[in-house]
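Remarks on the overall topology
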Amino acid sequence: MSSLAKAISVAILMGTAGQSVAAINGAAVDRALTAVRLNPTAARLSSADAFTARSVTVDANGTEHVRMDRTYRGLRV
């Protein structure tokens, strides 16, 4: 196999892996936001709060850590 064909194969594999990682991360963010909405008292949630995912880390055992930025009426909390 030529070096060009190898490079294209690697690029395709990395692109496919990136898409699946994005899908997994999106699902983790959705689960984290659902957990916040289901526990409004613990999160001290109000209707003026907004959350934006900053990063997602998934441990080897499947534990998901979603870091979020929180704003209240547009101001960072």
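Residues numbered from 1 in each chain as written. Predicted model: local features only at pLDDT ≥ 70, side-chain atom pairs only at ≥ 80, totals over all residues. Heavy atoms only, no water.

1. Considerations on the sheet that holds strand β3 (residues 75-76)
Let me state the cut-off plainly: We treat two strands as partners when DSSP finds at least two bridges between them. Helix and strand assignments come from DSSP, with helices taken as H or I runs of at least 4 residues and strands as E runs of at least 2, each series counted from the N terminus.
The three strands lie next to each other as β1-β2-β3, forming an open sheet whose pairing is antiparallel. For this open sheet the edge positions go to β1 (49-58) and β3, each flanked by a neighbour on one side alone.

2. What about the pattern of salt bridges?
Filter applied, for reference: We define a salt bridge as a side-chain nitrogen of Lys or Arg found within 4 Å of a carboxyl oxygen belonging to Asp or Glu. Exposure classes here rest on a 1.4 Å probe applied to the protein chains alone. A residue is buried below 20% of its type maximum, exposed above 50%, and partly exposed in between.
Applying the stated criterion to the full structure yields four salt bridges. Across the salt bridge formed by Arg-54 and Asp-69, the nearest N and O atoms sit 3.1 Å from each other. Here Arg-54 is found in strand β1, whereas its partner Asp-69 is found in strand β2 (residues 64-72), with 15 residues between them in sequence. The exposed category is assigned to Arg-54, whose relative accessible area is 53%. On the basis of relative accessibility, which here comes to 24%, the residue Asp-69 falls in the partly exposed class. Among the ionic pairs, Arg-76 bridges to Asp-69, the shortest N-O distance being 3.5 Å. Three or more residues are tied together by salt bridges with common partners; here these are Arg-54, Asp-69 and Arg-76.

3. With respect to unusual backbone geometry
Located in the positive-phi region is Arg-44, a residue other than glycine, with phi close to 50°. As for its placement among the helices and strands, Arg-44 is situated in the loop between α2 (40-43) and β1. Positioned with a positive phi, Arg-73 is a non-glycine residue whose angle comes to about 50°. Structurally, the position occupied by Arg-73 is in the loop between β2 and β3.

4. Details of the pairing of β1
Two elements, β1 and β2, share nine bridges in a ladder whose sense is antiparallel. By the bridge assignment, Asp-49 is partnered in β2 with Tyr-72. If you look at the hairpin formed by β1 and β2, you'll find five residues sitting between the two strands, and Gly-62 has a positive phi there, around 95°.

5. A closer look at the environment of Gly-26
In this structure, Gly-26 sits in helix α1 (residues 3-38). Taking C-alpha positions, Gly-26 is 8.8 Å from Val-56, a pair spaced 30 residues apart along the chain.

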